[in-house]
Amino acid sequence: GNDYLKRMKTAWKLNARQLATLMAVCSWREDTARRRDKPRGWIIDDQACMQLALFDPRNHEELMSRVETDQRSLKRNADELLALLAEQRAVPDAELPPRLPGPLDATQRKQVKKLKAQVREIANELSAAPESLLQARDYELLLREACGAPIERPRHWCGWRLQTVISPLRASIAEMA
């Protein structure tokens, strides 16, 4: 999963190539941590992952001067990291991931509040907990979908939820626009 990306609060600022590099570095770190049976932060920390993606060092000297982390662990992993970064530079543009969406703006946050209130009402009618109807990220996804952004529709948006929750929310978003 890309759960580590959620922890990196500024990953949305990266361009597609930097994001692909960040994902590759994080996934290398997971594998290395598993292989050496060490915590991932002991391999390299989150900030170092981010700096590798941002600065894309091309040799030992750039690596040691641009990336602020424990120099020992950086030295230990230098060759692997430089090889990994070189591989990432060769990835064709067409294969890069889409950029991450930025944080919601003030208008969108207000819209989310209205949608949550609506879901509370629906939940009351069904004597259900609002959280059992929708998850927090669903609200953001619905707003992005309404803006025409490509989203992956979660499986739980089908079936009875589509009629009871998703369709009414889509209608409300259309009215807000």
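As a reminder, the structure under discussion sits directly above these lines.
Because the structure is predicted, anything quoted here is derived from the model rather than measured. (Residues numbered from 1 in each chain as written. Predicted model: local features only at pLDDT ≥ 70, side-chain atom pairs only at ≥ 80, totals over all residues. Heavy atoms only, no water.)

Draft legend 1. Summary view of the packing of aromatic side chains. On inspection of all chains with the given rule, the structure shows zero aromatic pairs. The side chain of K38 reaches across the aromatic face of W42, ending 5.1 Å from its centre. Here R66 stacks its cationic end above the ring of F55, 4.2 Å away from the centre of that ring. (Phe/Tyr/Trp six-rings, centres within 6.5 Å; stacked < 30°, edge-to-face > 60°. Lys NZ or Arg CZ within 6 Å of the ring centre and 35° of its normal.)

Draft legend 2. Representation of helix α4 (residues 46-55) in the model. The set of residues buried in α4 consists of A48, C49, M50, Q51, L52 and A53. As for α4, its buried residues are in contact with α2 (16-36), α5 (60-66) and α6 (71-89). Looking one or two places after α4, you find D56, whose phi comes out positive at around 45°. (Buried < 20%, exposed > 50% of the residue type's maximum accessible area, 1.4 Å probe, protein only. Helix = DSSP H or I, 4+ residues; strand = E, 2+ residues; numbered from the N terminus. Contact = heavy atoms within 4.5 Å.)

Draft legend 3. Local environment of unusual backbone geometry. For D56, which is not glycine, the phi dihedral falls at a positive 45°. Mapped onto the elements, D56 comes out in the loop between α4 and α5. Its identity is not glycine, yet S127 carries a phi of approximately 45°, on the positive side. Along the chain, the position of S127 falls in the loop between α7 (106-125) and α8 (130-133). Among the residues examined, S127 registers a relative accessible area of 69% and is labelled exposed.

Draft legend 4. Representation of the environment of Q51. Position of Q51 among the secondary structure elements: in helix α4. Q51 sits in the buried class, given a relative accessible area of 8%. Remark: the alpha-carbon pair of Q51 and M64, spanning 13 residues in sequence, is separated by 11 Å. Apart from the residues lying within four places of it in its own chain, the contact partners of Q51 are D56, R66, V67 and E68. At 2.7 Å, the side chain of Q51 and the backbone nitrogen of E68 are in polar contact. (Polar contact = N/O pair within 3.5 Å; in protein donor to acceptor, adjacent residues only side chain to side chain.)

Draft legend 5. Up close: the pattern of salt bridges. In the structure shown here, the tally under the stated rule is twelve salt bridges. The closest approach of N and O atoms between E140 and R144, which form a salt bridge, is 2.6 Å. Of the two residues, E140 and R144 both sit in helix α9 (residues 136-146), four residues apart, roughly one turn of that helix. Take E140: its relative accessible area is 29%, and that puts it in the partly exposed class. Two residues, R170 and E145, come together in a salt bridge whose shortest N-O distance is 2.9 Å. (Salt bridge = Lys/Arg side-chain N within 4 Å of Asp/Glu carboxyl O.)

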